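Chain residues, written in single-letter form:
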Amino acid sequence: MNFLQKLMGRPQPSSGQMAKERLKLVLVHDRVKMSPQMLQILKDELIAVISRHLDVDQAGVQITISEGNRLVADIPLRPQGSRSARQPAQK
Amino acid sequence: MSAQVITITSGKGGVGKTTTVANLGCSLALLGRRVVCVDTDIGLRNLDVVMGLENRIVYDLVDVVEGHCRLRQALIKDKRLSELYLLPAAQTRDKTAVSAEDMVTLCNQMRNDFDYILIDSPAGIEQGFRNALAPADRVIIVTTPEVSAVRDADRIIGLTEAAEKDPPQLIINRIRPQMIDRGDMLSTADIIEILAIDLIGIVPDAEEIIISTNRGVPVAFENNSLAGAAFRNIARRIEGEDVPFLELRDSSGLLKRLVKFLKQT
């Protein structure tokens, strides 16, 4: 990337910054010591438990481990009952 | 005297554990302490060569553990410092020859005769590492500013905590300040942020270290070497002294030397 491109475009992260970000992410997974298979089992069990109380859109469920050592479960719900989701009030 | 047992380990190979043990041993002995350096890398011994004592090995760690000789017969006194000793590893055996309990017993035998027992751990996380960790009162982890080394150091921190040792301290070796300034190397601050343990030393990447290993004279003996000074400072911190970290940038060193030279003329 020449100087002019650098000026016009977004700043490239330095390789040192890339190393830092990659390390942080890799260590989040290393530290939890959870294999992808185990994560899948956890996901299935979570879906099963929540499904006892709410209708879950299983295909859209995302379970991830993010920075700060957090297990983040993103669980889309199917609309309850036969009516489709209400539209937000038109302004 | 009752010795403090310090295990120097890293996970990653080739980051400078053996060099660190040799240099800390010399530096602590130069401060007047009685020190024994123990090589636990059975089958791949190197502490003897780095200390320049390879020609003096008669008995080794495995001989002592198996009762073929007395401990005193296996300890090699350093060529230059009368208070520094080496207990070499065996070269023709492997790490299964010694157990963690053997290492604890061995260190207990030596505690009354030394101020410091420095244990050079092998790379990895298997039996050799466990043997080296078992007797530790204190653990020092050596890493370099590279992704693989830092990742492995993190694993070792976890294993050290699982073994119920006190939080380890960190030495960052092979630092290249110009690369850090260009953004092409992880900085000391980056590494501390990631690993979240206390820093006990920083050592620059230096040709003198290779040269000193070639000669079998640890760089801690060299008064003109920044790397040597770094190791001597770590020894002082181990002793409890509060020593500020060296400025590793070459340019400021050059300027200081120039100013000093001009003042002398």
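Residues numbered from 1 in each chain as written. Chains lettered and ligands numbered in written order. Predicted model: local features only at pLDDT ≥ 70, side-chain atom pairs only at ≥ 80, totals over all residues.

Considering the interface of chain B and chain A
Here is step 1: On the chain A side, the residues contacting the 13 residues of chain B number 13 residues.
Here is step 2: Residue assignment for the side of chain B that touches chain A shows that the elements contributing at least two residues are α7 (147-162) and α9 (188-195) of chain B.
Here is step 3: Element by element, the count of residues in the side of chain B that touches chain A is highest for α7 of chain B, at 6 residues.
Here is step 4: Here the residues of the side of chain B that touches chain A are counted per class, giving 5 nonpolar, 3 polar and 5 charged. (Contact = placed C-beta atoms within 7 Å. Helix = DSSP H or I, 4+ residues; strand = E, 2+ residues; numbered from the N terminus. Nonpolar A, V, L, I, M, F, W, Y, C, P; charged D, E, K, R; others polar.)

Notes on the sheet that holds strand β3 (residues 76-77) of chain B
Residue and element names in this part refer to chain B.
Here is step 1: Ordered in space as β3-β4-β2-β5-β1-β6-β7-β8, the 8 strands form an open sheet in which the pairing is mixed. Only two strands of the sheet have a single partner each, and these edge strands are β3 and β8 (198-204).
Here is step 2: Bridge count for strand β2 (residues 35-39) against strand β4 (residues 84-87) is 4 bridges, and the pairing is parallel. Of the residues in β4, the one forming a bridge with Val36 is Tyr85.
Here is step 3: Of the strands in this sheet, β1 (4-9), β2, β4, β5 (116-120), β6 (138-143) and β7 (169-175) touch helix α1 (residues 17-30), which is tilted by about 165° from β5. (Pairing = 2+ DSSP bridges. Axes fitted to C-alpha atoms, helices over the stretch in contact; angles between N-to-C directions.)

Some details on the pairing of β6 of chain B
Successive residues of a regular strand alternate their side chains across the two faces of the sheet.
All names here are of chain B.
Here is step 1: Counting buried residues in β6 gives 5 out of 6 residues, a clear majority hidden from the surface.
Here is step 2: Relative to β6, β1 runs parallel, the two being bridged by 4 bridges. Considered in β6, the bridge of Ile6 is made with Arg138.
Here is step 3: Handedness of the β6-α7-β7 crossover: right-handed. (Buried ≥ 20, exposed ≤ 12 C-beta atoms within 10 Å, placed from the backbone. Right-handed = clockwise from strand over helix to strand, strands pointing away.)

Let's talk about unusual backbone geometry
All names here are of chain B.
Here is step 1: The backbone of Glu164 sits at a positive phi, close to 65°, despite the residue not being glycine.
Here is step 2: Counting through the fold element by element, Glu164 comes out in the loop between α7 and β7.
Here is step 3: One non-glycine residue, Ala196, adopts positive backbone phi at about 55°.
Here is step 4: Mapping Ala196 onto the fold places it in the loop between α9 and β8.
Here is step 5: Taking the number of C-beta atoms within 10 Å as the measure of exposure, Ala196 has 11 and is therefore exposed.

Some remarks on the nonpolar core
Most often, soluble globular proteins have nonpolar side chains that are buried together.
Here is step 1: Ranked by internal contacts, the top residues of the largest apolar core, which has 78 residues, are Val35, Cys37, Leu61, Ile117, Leu118, Ile119 and Phe231 of chain B.
Here is step 2: Every residue in contact with Val35 of chain B, bar those within four places of it in the chain, is listed here: Gly25, Leu28, Ala29, Glu83, Leu84, Tyr85, Phe114, Asp115, Tyr116 and Leu118 of chain B. (Core = buried A, V, L, I, M, F, W, Y, C linked by C-beta atoms within 7 Å.)

Comments concerning helix α2 (residues 15-32) of chain A
Here is step 1: Between the first and last C-alpha of α2 of chain A there are 26 Å, a value that for 18 residues agrees with the 26 Å anticipated at 1.5 Å per step.
Here is step 2: Within α2 of chain A, burial applies to Ala19, Lys20 and Leu23 of chain A. For α2 of chain A, the angular spread of buried residues about the axis comes to 95°, placing them on one side. Exposed residues on α2 of chain A whose side chains face more than 90 degrees from its buried face are Glu21 and Arg22 of chain A.
Here is step 3: Residues of α2 of chain A that are buried make contact with α7 and α9 of chain B.
Here is step 4: Backbone geometry just after α2 of chain A places Lys33 of chain A at a positive phi near 55°. (Expected span 1.5 Å × (residues − 1). Arc of directions from axis to C-beta.)

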